[in-house]
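Take a look at the letters that make up each chain.
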Amino acid sequence: MTKNQTLKGFRDFLPAQMAIREKVIGILKRNFEKYGFQPIQTPTLEYAEVLMGKYGEEADKLLYTFDDRGGRKVGLNYDLTIPTARLMAQYSGQIPLPFKRYQIQSSYRAENTQKGRYRQFTQCDIDTIGSNSPLSDAEIVAIISDSMTDLGLNNFTIRYNSRSILFSLIEKSGISSDKTMSVLQTLDKLDKKPEDEVKQELTDRGINPKEISTLFDLLKTVKEDDYLKDVIEMAKKMGTKNLEFSPFLMRGLDYYTGPIFETIV
């Protein structure tokens with residue numbers, strides 16, 4: 001007997017909901033384009049080898065992968081960043097740099113569903129490719145601030161940190177470099193788990209108590225580095241508000257290497 005219902009973690013949107021979603025997306029697009037970002041679109045399916053090994057061990061477990069009818073190993077896009085990286089490599093030389101792109105499409109993750117987390121969700125993604133200027137990062141923060149304001153969500157906070165700062169702290173703690181990504185993936189759980197549980201997980205991953213203690217002491221006293229200071233100063237000049245330095249902000253994906261931002265409403 002056919003079940004007239006959606007799969008777990010997937011949703012229908014009726015006209016009243018779509019009207020709101022389309023209005024929100026329209027506001028985001030205007031802000032993206034105001035700062036010179038151009039739209040692109042990539043396929044929902046990629047070769048599995050394009051996706052695997054790019055996000056980290058924990059995220060790889062959430063990839064939807066399967067064999068298509070031609071026997072090819074394929075996967076649903078986990079996010080829009082890796083497909084964009086593939087696109088840039090495929091069309092190398094055809095796209096002038098720096099390239100400012102935005103993308104609004106569905107992404108898919110085979111995770112346990114809970115409030116606010118679904119297996120299919122819409123991602124609104126912006127990137128500047130081919131620039132190492134702090135202005136590029138500052139523009140991202142400014143767009144977040146402008147978009148939240150235009151959406152009427154004035155009680156937002158943009159938390160920021162830098163992976164390069166975290167890499168330095170891990171090194172100063174005496175932790176072996178081959179454990180860096182594992183440590184970051186564990187620390188990323190601090191907003192969901194008590195500090196004692198996170199410390200125990202670090203112990204289980206082979207980090208000794210002295211290294212853990214040193215790392216947490218450093219995290220409680222660390223300041224922005226020069227690059228991050230430049231980013232925030234430029235963002236403020238563009239009107240960005242509600243900024244907060246958050247040294248415990250980690251985010252778990254392996255390809256993060258520089259500034260990281262997260263908006264709390």
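The structure we're discussing is the one just above.
Since we're looking at a predicted model, the values are computed, not measured.

Caption draft 1: Region of the structure containing the pattern of salt bridges. Under the criterion given, the structure shown has 15 salt bridges. With a closest N to O distance of 2.8 Å, Lys 189 and Glu 201 form a salt bridge. A residue pair is termed long-range when its members are at least 10 positions apart, and Lys 189 in the loop between helix 7 (180-187) and helix 8 (195-204) and Glu 201 in helix 8 qualify at 12 residues. Among the residues examined, Glu 201 registers a relative accessible area of 14% and is labelled buried. Counted as one network, the salt bridges with shared partners bring together Glu 58, Lys 189, Lys 193, Glu 201 and Arg 205.

Caption draft 2: Structural detail: the packing of aromatic side chains. With the rule as written, the count across this model stands at 4 aromatic pairs. Pairing Phe 32 with Tyr 102 gives two aromatic rings, centres 5.3 Å apart and planes at 50°, and the pair type is tilted. Linking Phe 32 in helix 1 (residues 15-34) with Tyr 102 in strand 5 (residues 99-108), this pair joins segments that are 70 residues apart in sequence. Here Phe 32 and Tyr 102 have matching classes, each one buried. Note on Phe 216 and Phe 248: the rings are 6.2 Å apart at their centroids and 45° apart in plane angle, and the pair reads as tilted. Within this pair, whereas Phe 216 is found in helix 9 (residues 209-219), its partner Phe 248 is found in the loop between strand 8 (243-245) and strand 9 (259-264), the two being separated by 32 residues in sequence. For Phe 216, a relative accessible area of 1% translates into the label buried. Phe 248 sits in the partly exposed class, given a relative accessible area of 30%. Here the guanidinium or amino end of Arg 21 rests over the ring plane of Phe 13, the centre of that ring lying 3.8 Å away.

Caption draft 3: Molecular detail of the nonpolar core. Of all hydrophobic cores here, the largest spans 40 residues; its most connected members are Phe 37, Val 183, Leu 187 and Leu 215. Elements supplying a minimum of two residues to this core: helix 1, helix 5 (134-150), strand 7 (157-162), helix 6 (163-172), helix 7, helix 8, helix 9 and helix 10 (226-237). Among the elements that line this core, the one with the most residues is helix 5, at 7 residues. Residue contacts for Leu 187: discarding those within four places in its chain leaves Val 198, Leu 202, Leu 215, Phe 216, Leu 219 and Met 250.

Caption draft 4: Representation of the environment of Lys 241. Relative to the helices and strands, Lys 241 resides in the loop between helix 10 and strand 8. Remark: the alpha-carbon pair of Lys 241 and Thr 128, spanning 113 residues in sequence, is separated by 21 Å. Discounting chain neighbours no more than four positions away, the residues touching Lys 241 are Ser 145, Thr 149, Asn 154, Phe 156 and Ile 158.

Caption draft 5: Structural detail: the pairing of strand 7. Across the 6 residues of strand 7, 5 count as buried, placing the element largely inside the fold. Summarising the sheet, strand 7 and strand 9 pair through 6 bridges and their orientation is antiparallel. The residue of strand 9 that forms the bridge with Ser 162 is Pro 259. Sheet topology places strand 7 next to strand 8; 3 bridges connect them, and they run parallel. In the strand pairing of strand 8, Arg 159 is matched with Glu 244.

Cut-offs applied
Residues numbered from 1 in each chain as written. Predicted model: local features only at pLDDT ≥ 70, side-chain atom pairs only at ≥ 80, totals over all residues. Heavy atoms only, no water. Salt bridge = Lys/Arg side-chain N within 4 Å of Asp/Glu carboxyl O. Helix = DSSP H or I, 4+ residues; strand = E, 2+ residues; numbered from the N terminus. Buried < 20%, exposed > 50% of the residue type's maximum accessible area, 1.4 Å probe, protein only. Phe/Tyr/Trp six-rings, centres within 6.5 Å; stacked < 30°, edge-to-face > 60°. Lys NZ or Arg CZ within 6 Å of the ring centre and 35° of its normal. Core = buried A, V, L, I, M, F, W, Y, C linked by side-chain atoms within 4.5 Å. Contact = heavy atoms within 4.5 Å. Pairing = 2+ DSSP bridges.

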